[in-house]
Amino acid sequence: MAVDLLLGLQWGDEGKGKIVDVLTKNYDIIARFQGGPNAGHTLEFDGIKHVLHTIPSGIFHKNAVNVVGNGVVIDPVIFKKELDALKEFKIDIKSKLLISRKAHLILPTHRLLDAASETAKGKAKIGSTLKGIGPTYMDKTGRNGMRVGDLEMDDWKEKYRALADKHEAMIDYYNVDIEYDLAELETDFFASVEELKQLTFIDSEEYLFQAQKSGKKILAEGAQGSLLDIDFGTYPFVTSSNTTAAGACTGLGVAPNQIGDVKGIFKAYTTRVGSGPFPTELFDEDGETMGRVGNEFGATTGRPRRCGWLDLVALKYAVQVNGVTQLMMMKADVLSGFESIKVCTAYNYKGEEITHLPYNIEAENVTPIYSEMKGWKEDLTKMSSAEELPEALKSYISFLEKELEVPITIVSVGPDRTQTILR
Ligand code: IMP
């Protein structure tokens, strides 16, 4: 049985949480493959709004088991808060949420290192969520990290101490002014680790292999977006993991020839939170309207998101890198009311028109070239079938499908589970 993937094609915040939640009824297992609590996956159903950071978005469905894969980094403190927030839903966490022993742990000092590094960078800062993601993946690839499986060993506290002491020396090296009380952070950390240890730890690659063999349907859930990928994103303004399709193989132990459908999610426009180039960014009333109507504030940090028109050059690149087989367009409702809609179909790159994403996409190198089409006025939020959609939106969708050469199978018209149109 093939493993399907679901990932974001822009700079994150495309609405992956909502779509995983909608699709979970078709799957037995939802497995998160990378990232950590820098993610904020928002789900809305039955009048409830819930934000998940590390826990896969299938957790509210009785039929599915949720796996936190080896490629994920876990902060026990944030994880405990997520678990506490789930208590009212009476989910059988021990059997419905399984954690890979190979997932790495975010220590309190990783968070401090993130803050020190960003402060030292000054104006060149990444705009990190400051959740310790970069330093934790650095320790992973530097072969110094602590993993969930270490918590089953007697000597894990010694291992912790040695690493935290080293981190403190590194924080001193940055020579920046950050205030912290490590003893207090550690009290919280150790208490949270005890809670984490109550959960079920598994050898997730073996679990998923056996699940595939016995015909279970698996959906791999990505976090962040393709343009934040450590290799293929707008480096260095990226996150520290592979957010693209290949990341699902390394982040879960799924072989490439076992990947089935690749579901790519994008917003009908573009947003970005944090620093870094963004060719179609708007600094005018249109951008302000997208932000306000789309409620574009980070689910993890609350920061306002930068907004702009859809960038087909970047989207095509993401479709290509991921091998997307189905597209899902989110927040179509936010574009209702615009007189006309613009789509970037090419870049003027140092005086030359190009349609691929070049190495440098900073404003001094790239100017977007737009196609303009008619907007629509209708409120989409109560529509439930593709036929009901306004003609101008239908034309927008057909145009995108033609350009991207992949079908758009879902159009989302609001944040609730029910506001999802299948095509
Ligand atoms: P970090 O992964 O927290 O270090 O952040 C690196 C960059 O990725 C920053 O620009 C963040 O704003 C961005 N980022 C990280 N996680 C997310 C996410 O879930 N959605 C959108 N942007 C994110």
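What you see is a predicted model, and the numbers here were worked out from it, not measured in a lab.

Draft legend 1. Region of interest: the overall build of the protein. Helix and strand counts for the protein come out as twelve helices and 20 strands. Compactness check: the protein gives a C-alpha radius of gyration of 21 Å against a globular reference of 22 Å for 423 residues, within 12% of the reference. Dimensions along the principal axes, computed over C-alpha positions, put the protein at roughly 65 × 50 × 40 Å. Evaluated residue by residue, the protein yields a buried proportion of 57% over its 423 residues. Look at the contacts in the protein between residues 6 or more apart in sequence, and 77% of them connect residues 24 or more apart.

Draft legend 2. The site of the ligand, seen in detail. Around the ligand, 16 residues are found, and the nearest of them are N38, S128, T129, T239 and R303. Here an oxygen atom of the ligand and a backbone polar atom of I126 are 3.4 Å apart. In the complex, 96% of the free accessible area of the ligand, which totals 470 Å², lies under the protein chains. For the shell around the ligand, a count of residues per class yields seven nonpolar, seven polar and two charged.

Draft legend 3. Quick look at helix α5 (residues 133–141). Of all the residues in α5, the buried ones are I133, G134, P135, T136, Y137 and D139. Residues of α5 that are buried make contact with β6 (73–74), β8 (104–105), α4 (108–121) and α6 (156–174). At the C-terminal side of α5, R143 shows a positive phi close to 65 degrees.

Draft legend 4. Layout of the pattern of salt bridges. With the rule as written, the count across this model stands at 23 salt bridges. The shortest N-O distance in the salt bridge between K16 and E14 comes to 2.8 Å. One exposure class covers both K16 and E14, and it is buried. Between E194 and K197 there is a salt bridge, with its nearest N and O atoms 3.9 Å apart. The exposure class of E194 is partly exposed, given its relative accessible area of 36%.

Draft legend 5. Summary view of the packing of helix α2 (residues 76–86) against helix α7 (residues 182–196). Two elements in contact, α2 and α7, have axes separated by 8 Å at closest approach and are oriented at 55 degrees. For the element pair α2 / α7, the angle class is oblique. Considering the relative orientation of α2 and α7, their crossing is left-handed. Along the contact surface, α2 presents P76, V77, F79, K80 and D84, while α7 presents D188, F189, S192, V193, E195 and L196. Class assignment of the residues belonging to the contact of α2 with α7 gives a composition of six nonpolar, one polar and four charged.

Draft legend 6. Looking closely at the packing of α6 against α7. α7 packs onto α6 with a crossing angle of 145 degrees between their chain directions and a minimal axis gap of 13 Å. The chirality of how α6 crosses α7 is right-handed. Only L182, E186, F189, F190, V193 and E194 of α7 make contact with α6, whose side of the interface consists of W156, K157, Y160, R161, A164 and E168.

Draft legend 7. Fine view of the sheet that holds strand β19 (residues 408–412). Strand order in the open sheet made by the ten strands is β9-β7-β5-β2-β10-β1-β11-β15-β19-β20, with mixed pairing throughout. Every other strand in the sheet has two partners, leaving β9 (200–202) and β20 (420–422) as the edge strands with one partner each. Looking at each pair of strands side by side, their axes are set apart by 25 degrees on average, direction ignored. When strand β5 (residues 65–68) meets strand β7 (residues 97–100), the two strands line up parallel, connected through three bridges. When the sheet's bridge partners are listed, V67 is paired in β7 with L98. Together, β1 (3–8), β2 (29–32), β10 (218–221) and β11 (259–267) form the strand contacts of helix α9 (residues 245–252), whose direction differs from that of β1 by roughly 125 degrees.

Draft legend 8. Quick peek at the layout of surface pockets. Computed from the structure, the second largest pocket encloses a volume of approximately 270 Å³. Class assignment of the residues belonging to the lining of the second largest pocket gives a composition of nine nonpolar, three polar and two charged.

Draft legend 9. Just the side chain of Q326, in detail. Here Q326 is to be found in strand β15 (residues 326–330). Residue Q326 is classed as buried on the basis of its relative accessible area, which comes to 17%. Here D261 takes part through its side chain, which lies 2.6 Å from a polar atom of the side chain of Q326. Beyond its immediate chain neighbours, meaning those up to four positions away, Q326 contacts D261, V262, K263, G264, V406, P407 and T409.

The rules behind the values
- Residues numbered from 1 in each chain as written.
- Predicted model: local features only at pLDDT ≥ 70, side-chain atom pairs only at ≥ 80, totals over all residues.
- Heavy atoms only, no water.
- Helix = DSSP H or I, 4+ residues; strand = E, 2+ residues; numbered from the N terminus.
- Rg over C-alpha atoms; globule rule 2.2 N^0.38 Å.
- Buried < 20%, exposed > 50% of the residue type's maximum accessible area, 1.4 Å probe, protein only.
- Contact = heavy atoms within 4.5 Å.
- Near = heavy atom within 4 Å.
- Polar contact = N/O pair within 3.5 Å; in protein donor to acceptor, adjacent residues only side chain to side chain.
- Areas by Shrake-Rupley, 256 points an atom, 1.4 Å probe, with all protein chains shown as cover.
- Nonpolar A, V, L, I, M, F, W, Y, C, P; charged D, E, K, R; others polar.
- Salt bridge = Lys/Arg side-chain N within 4 Å of Asp/Glu carboxyl O.
- Axes fitted to C-alpha atoms, helices over the stretch in contact; angles between N-to-C directions.
- Parallel < 35°, antiparallel > 145°, perpendicular 65-115°, else oblique.
- Left-handed = near helix turned anticlockwise from the far one by under 90°.
- Pairing = 2+ DSSP bridges.
- 1 Å grid on protein atoms, 1.4 Å probe; cavity = no way out; pocket = protein on both sides within 12 Å on 5 of 7 lines; lining within 4 Å.
- Points joined across faces, edges and corners; volume = space filled by probe spheres on them.

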